[in-house]
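# Overview (structure and organization)
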Amino acid sequence: MRTFVAGQEAHGDIEFAELALGIDVDLFRGPLESETDDERAAREDAARDILADLRHEAEAGDEIAGWDALYADAVTHTVPFLRAARGHRSQTGEAA
């Protein structure tokens, strides 16, 4: 079965959420691969700006923007499993 959102085919759950909600998960959560400090700072600045815009739109009465802001904020508090596992292994002295 194929799933389409706004005329685009979604390949997986994360892509479906991104298309349906308009939220780039990697922007708020961070990529699964490593990133430089400059890349991280730029990504976090952009995420903060977008989240502030969503909150402003929600306060102006846009209910969808409010839900998007809640989702984006929740995603910022997650850590990709693979990155968390790598960090845990390096702290315990196990090979990564």
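Structure report, in brief. Note that the structure is predicted; figures quoted are calculated from it, not measured. (Residues numbered from 1 in each chain as written. Predicted model: local features only at pLDDT ≥ 70, side-chain atom pairs only at ≥ 80, totals over all residues. Heavy atoms only, no water.)

### Some words on the nonpolar core
In this structure, Ile23, Val25, Leu27, Phe28, Ala47, Leu51, Leu54, Ala65, Ala69, Ala72 and Val75 together form the largest nonpolar core, which totals eleven residues. The set of elements that each furnish at least two residues to this core consists of α2 (25-29), α3 (37-59) and α4 (63-76). Here this core gets four residues from one element, more than from any other, and that element is α4. Other than its neighbours up to four places away in sequence, Ile23 contacts Glu18, Phe28, Leu54, Asp68, Tyr71 and Ala72. (Core = buried A, V, L, I, M, F, W, Y, C linked by side-chain atoms within 4.5 Å. Buried < 20%, exposed > 50% of the residue type's maximum accessible area, 1.4 Å probe, protein only. Helix = DSSP H or I, 4+ residues; strand = E, 2+ residues; numbered from the N terminus. Contact = heavy atoms within 4.5 Å.)

### Quick word on the packing of α3 against α4
The interhelical angle for the contact between α3 and α4, taken along N-to-C directions, is 145 degrees, at an axis separation of 7 Å. For the pair α3 and α4, the crossing hand works out as left-handed. Residues Leu51, Leu54, Arg55, Glu57 and Ala58 of α3 form the contact with α4, whose own contacting residues are Ala65, Gly66, Asp68, Ala69, Ala72 and Asp73. A per-class count over the contact of α3 with α4 returns six nonpolar, one polar and four charged. (Axes fitted to C-alpha atoms, helices over the stretch in contact; angles between N-to-C directions. Left-handed = near helix turned anticlockwise from the far one by under 90°. Nonpolar A, V, L, I, M, F, W, Y, C, P; charged D, E, K, R; others polar.)

### Brief notes about the pattern of salt bridges
Any two side chains of opposite charge can pair if their charged atoms end up close together. Applying the stated criterion to the full structure yields six salt bridges. Between Glu35 and Arg40 there is a salt bridge, with its nearest N and O atoms 3.8 Å apart. Exposure remark for Arg40: the relative accessible area of 31% places this residue in the partly exposed category. Of the charged contacts in the structure, one is a salt bridge between Arg40 and Asp37, with a shortest N-O distance of 3.0 Å. One end of the pair, Arg40, and the other, Asp37, are both in helix α3, three residues apart, so they sit about a helical turn from each other. Using a relative accessible area of 58% as the deciding quantity, one classes Asp37 as exposed. (Salt bridge = Lys/Arg side-chain N within 4 Å of Asp/Glu carboxyl O.)

So yeah, pure geometry; function would need other evidence.
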